[in-house]
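This is what each chain is made of:
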Amino acid sequence: MERRNWLARIHEDEAGHATSAAGALIAGAGAVVLGIGAANDTGWLAVAGGIIAGVGLVAWELLRHVAIDQKLMGRLDRLER
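Residues numbered from 1 in each chain as written. Predicted model: local features only at pLDDT ≥ 70, side-chain atom pairs only at ≥ 80, totals over all residues. Heavy atoms only, no water.

With 38 residues, helix H3 (residues 43-80) extends 53 Å between its outermost C-alpha atoms, agreeing within 8% with the 56 Å of an ideal straight helix rising 1.5 Å per residue. In H3, a bend of some 35° at His65 exceeds every other bend along the element. For H3, the complete set of buried residues consists of Ala46, Gly49, Ala53, Gly56, Ala67, Ile68 and Asp69. The elements touched by buried residues of H3 are helix H2 (21-39). (Helix = DSSP H or I, 4+ residues; strand = E, 2+ residues; numbered from the N terminus. Expected span 1.5 Å × (residues − 1). Bend = angle between axes of the 7 residues up to and from the residue. Buried < 20%, exposed > 50% of the residue type's maximum accessible area, 1.4 Å probe, protein only. Contact = heavy atoms within 4.5 Å.)

Written out as structure tokens, the structure reads:
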């Protein structure tokens, strides 16, 4: 039971950043595909990797904002009242 509480606290805490890691992993995979496409002179693969990396960066920022910033700003608003 204690282990579950510890894992849940890390997942929900601002220091954990577990949710926003999904977007960073997508961006990293896209960057790898971009590099492979550029090294092999495969234009379509490089373009696809760039698009995947861009979508991953947008997803990372969106997930970070939803998971961390909104909770933090909500707590600050409650403190100010």
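Per the UniProt record, the feature "transmembrane region" (unreviewed entry) sits at residues 21-38 and 44-63. In the segment residues 21-38, helix accounts for 100% and strand for 0%; the C-alpha atoms at its two ends are 26 Å apart. Structurally, residues 44-63 comprises 100% helix and 0% strand, and the distance from its first C-alpha atom to its last is 28 Å. (UniProt positions renumbered as here; feature names shortened; annotations may be inferred.)

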